[in-house]
Amino acid sequence: MHTSIIRSTGYWAPSNVITNAELVESYNAYARRFNAEHAAEIAAGEIDEVPFSSSEFITNASGIERRHVYEKSGILDIDTLTPRIPPRRFEDISAQAEFAMKAVRPALEKAGREGAEIDGVIVASSAQQRNFPGLSCEIQNLIGASGWSFDLTMACASALYGLNIANAMIRSGQARRILVCSPEIMTCINVHSRRDVHFIFGDAASAILVEADDGTPGGWEVLGTHTQNKFSNHLRSDYGFINIAERTVDPDYTPGLDQDGHRVFKDVVSLAPVVARDLMTRIGLEPEGVRRAWLHQANIRMVDMIAKRILGRDRTPENAPSILEEYGNTSSSSVVMNFEMNSDDMNAGDTGIMCAYGAGYGVGAAAVRKR
């Protein structure tokens, strides 16, 4: 069995920023107009009034202060409440592949690798902008790699599911270098007209280069990975290729993102630490031996509770840092961003745990040790 190494990581977030105040101003303008236009139906009890939001509500509910977004004006326009992204010609690079490459290039450069040295490419993200050809195949072509590629979707746990597969393939000798990238343009999925979710997501891309250990110093040894699923409908996105057929039956059907926030919180806070602890038990790693946990950035209360249950001690900025305030929830890219931003201070021999959790439910965990 070969040892797998995280040789490098990369991430990129757009420069466009939406603060809570900006988002609330736009959302509340939409709510006022909707309630005025539907006053009679609301009074008759036929539809619900759209509630108002506030910066304080967002911060208290999530810990988010701002988010970086792919396109800003469309999200804040109450007539659209979604990013404006022009369609591209067949011969042009796709928007999501271009987005991914902003994280892929730094990861390859830091490792001193050329694309031709990569055996496989996994695009692991909450959604891909088309069904085929695979986004992974497009990225493979852009970096000049050959071999295999595939797309993988497991919501906010996708990056660690990709890492789990890469680790297994490298350990078994099926590949020597695998690129896992997670381009998450979550503002295209989010429903910015719903108070309970309008503030959650930002956009970002991440990349992980996983290699077989060839004796080169540096990097992070992958001590083990683990993934586990439990089906749930409590966090669900209905965007997909069947939508066009559904509209032949109901022309007004609008797919959306639905969640029972309280149920999701309860379920995930119970499940995620168990998956991480199971991995730790399997490899003989005690909580006191873990210097740092890099967690998916869902909301600050979830981060606090999951960190405590994994580490066996209260969360601090040192033992489980958070990047929620600046970036919001960037789905599966968040755990990799968190790892890259908050690992340079660790010493050779220090051990850490990555854990990500998302709709499905799916939970991924990885234990790593700095070399």
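A brief structural summary. Since we're looking at a predicted model, the values are computed, not measured.

**Looking at the sheet that holds strand 12 (residues 351–358)**
Whether parallel or antiparallel, the strands of a sheet pair through hydrogen bonds between backbone atoms. In spatial order, the strands read 5-4-6-7-1-8-13-12-11; together these nine strands make up an open sheet with mixed pairing. Only two strands of the sheet have a single partner each, and these edge strands are strand 5 (148–152) and strand 11 (292–295). Here the strands of the sheet are splayed against their neighbours by 25° on average, with no regard to which way each runs. Inspection of the sheet shows strand 8 (residues 220–229) paired to strand 13 (residues 362–370) by nine bridges, in the antiparallel sense. Considered in strand 13, the bridge of Trp 220 is made with Lys 370.

**A look at the packing of aromatic side chains**
Using the criterion set out here, one finds eight aromatic pairs in the structure. Ring geometry for Trp 12 and Phe 99: centres 5.5 Å apart, planes at 80°, overall edge-to-face. Of the two residues, Trp 12 sits in strand 1 (residues 4–12) while Phe 99 sits in helix 5 (residues 95–111), which places them 87 residues apart along the sequence. With a relative accessible area of 1%, Phe 99 lands in the buried category. Here the aromatic rings of Trp 294 and Phe 339 are separated by 4.8 Å at their centres, their planes lie at 85°, and the arrangement is edge-to-face. Linking Trp 294 in strand 11 with Phe 339 in helix 12 (residues 333–341), this pair joins segments that are 45 residues apart in sequence. Across the pair, Phe 339 and Trp 294 agree in class, each one buried. Clustering of aromatic rings is evident, with ring pairs tying together Trp 12, Tyr 70 and Phe 99. The aromatic ring of Phe 57 is capped on one face by Arg 195, whose charged end is 3.7 Å from the ring centroid.

**Points about the pairing of strand 8**
Remember that side chains alternate between the two faces of the sheet whenever the strand is regular. In terms of strand pairing, strand 1 meets strand 8 through two bridges, oriented antiparallel. Paired with Ile 5 across the strands is Glu 221, a residue of strand 8.

**Focus: the nonpolar core**
In summary, soluble globular proteins display a tendency toward joint burial of nonpolar side chains. Of all hydrophobic cores here, the largest spans 45 residues; its most connected members are Val 268, Leu 295, Met 302, Ile 306, Ile 310, Cys 355 and Tyr 357. Where this core is concerned, the elements lending two or more residues are helix 1 (20–37), helix 9 (261–283), strand 11, helix 10 (300–311), strand 12 and strand 13. Element by element, the count of residues in this core is highest for helix 9, at ten residues. If we skip the residues at most four places from it in the chain, Ile 310 touches Pro 273, Ala 276, Arg 277, Met 280, Pro 287, Leu 295 and Cys 355. Ile 122, Leu 152, Ala 166 and Val 336 belong to the second largest nonpolar core, which has 29 residues in total.

**Notes on the pairing of strand 11**
The alternating pattern of strand 11 places Arg 292 and Trp 294 on one face and Ala 293 and Leu 295 on the opposite face, and all of these are buried. As paired strands, strand 11 and strand 12 are joined by four bridges and run parallel to one another. From the neighbouring strand, Trp 294 faces strand 12, where its bridge partner is Met 354.

**Here we look at the packing of helix 5 against helix 6 (residues 135–143)**
For the pair helix 5 and helix 6, interaxial distance at closest approach is 10 Å and the crossing angle is 50°. In this view, helix 5 runs oblique relative to helix 6, as classed from their interaxial angle. Crossing handedness for the pair helix 5 and helix 6: right-handed. Residue-level inspection shows Gln 96, Ala 97, Ala 100, Met 101, Val 104 and Leu 108 of helix 5 in contact with helix 6, the latter providing Leu 135, Glu 138, Ile 139, Leu 142 and Ile 143. Its residues assigned to classes, the contact of helix 5 with helix 6 comprises nine nonpolar, one polar and one charged.

Conventions adopted
- Residues numbered from 1 in each chain as written.
- Predicted model: local features only at pLDDT ≥ 70, side-chain atom pairs only at ≥ 80, totals over all residues.
- Heavy atoms only, no water.
- Pairing = 2+ DSSP bridges.
- Helix = DSSP H or I, 4+ residues; strand = E, 2+ residues; numbered from the N terminus.
- Axes fitted to C-alpha atoms, helices over the stretch in contact; angles between N-to-C directions.
- Phe/Tyr/Trp six-rings, centres within 6.5 Å; stacked < 30°, edge-to-face > 60°.
- Buried < 20%, exposed > 50% of the residue type's maximum accessible area, 1.4 Å probe, protein only.
- Lys NZ or Arg CZ within 6 Å of the ring centre and 35° of its normal.
- Core = buried A, V, L, I, M, F, W, Y, C linked by side-chain atoms within 4.5 Å.
- Contact = heavy atoms within 4.5 Å.
- Parallel < 35°, antiparallel > 145°, perpendicular 65-115°, else oblique.
- Left-handed = near helix turned anticlockwise from the far one by under 90°.
- Nonpolar A, V, L, I, M, F, W, Y, C, P; charged D, E, K, R; others polar.

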